[in-house]
Amino acid sequence: TSAFQFLRNNGISSHDAGTCGLHTHLDRRYFGEKEDSSIAKLLYIFEKFESELQIFSRRTRSQINDWARSRKEHYNGEPGWIKKSIKNSYACRYFAVNLTNTNTIELRLWRGSLKAETFEATLRFTARLAQLCKYTSAVELAKMTFEDLLGSDEVILSYWSRTSQRNTNES
């Protein structure tokens, strides 16, 4: 039996609890000298693709407002909000991109899951975001569609197909 099945069999609810998040962490050392520009790109991605990422995350708007708020909204969308976010991380961690940790950047947007496929797709997508932020220029990111952001990983694409279809059916 899988670890996920073991947890389900022992009363763990994760996704169904409504408050459980799958928080992923990116090691700041991974970005090296490009840390600030990589964080800026990550913040940009989370704002540019906000509606698609909400679907990918499986969180409701209310859950996002409680646990994974937008940094842009925090700064009322004022010019320079990305730079201000990087320089002043605040003691509050309840942002989709939490910058309060010394050694990691925490992504809090993803909803918890006890499904192996969802867990794997979320981790793969998080790794893809980190790679894009480190190796893709801001100009290239600005031209990207969400489909470009997803890339060609079959696990991510299969998950997105199921999740976006479910969201379409619920609308």
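Quantities reported herein were computed from a predicted structural model and do not represent experimental measurements. (Residues numbered from 1 in each chain as written. Predicted model: local features only at pLDDT ≥ 70, side-chain atom pairs only at ≥ 80, totals over all residues. Heavy atoms only, no water.)

Undergrad: Break down the overall build of the protein for me, with residues and values.
TA: In terms of regular secondary structure, the protein is built from 11 helices and 3 strands. Sequence-ordered secondary structure for the protein, helices as α and strands as β, is α-β-α-α-α-α-α-α-β-β-α-α-α-α. Scored against the burial criterion, the 171 residues of the protein give a buried share of 39%. Just so you have it, the protein exposes about 9300 Å², and 52% of that area is on carbon and sulfur atoms. (Helix = DSSP H or I, 4+ residues; strand = E, 2+ residues; numbered from the N terminus. Buried < 20%, exposed > 50% of the residue type's maximum accessible area, 1.4 Å probe, protein only. Areas by Shrake-Rupley, 256 points an atom, 1.4 Å probe, with all protein chains shown as cover.)

Undergrad: Give a description of the side chain of S85 that names residues and reports values.
TA: Mapping S85 onto the fold places it in helix α7 (residues 81-87). Only 2.9 Å separates the side chain of S85 from the backbone oxygen of W81, close enough to count as a polar contact. (Polar contact = N/O pair within 3.5 Å; in protein donor to acceptor, adjacent residues only side chain to side chain.)

Undergrad: Describe the pattern of salt bridges, and please don't skip the residues or the numbers.
TA: Under the counting rule described, the total for this entry stands at 8 salt bridges. The closest approach of N and O atoms between D27 and R29, which form a salt bridge, is 2.7 Å. Taking relative accessible area as the criterion, R29 reaches 70% and is therefore assigned exposed. Between E106 and R93 there is a salt bridge; the shortest N-O distance is 3.4 Å. Taken together, the residues E106 in strand β3 (residues 104-107) and R93 in the loop between α7 and β2 (97-98) connect sequence positions 13 residues apart. On the basis of relative accessibility, which here comes to 4%, the residue E106 falls in the buried class. The exposure class assigned to R93 is partly exposed, which follows from its relative accessible area of 32%. (Salt bridge = Lys/Arg side-chain N within 4 Å of Asp/Glu carboxyl O.)

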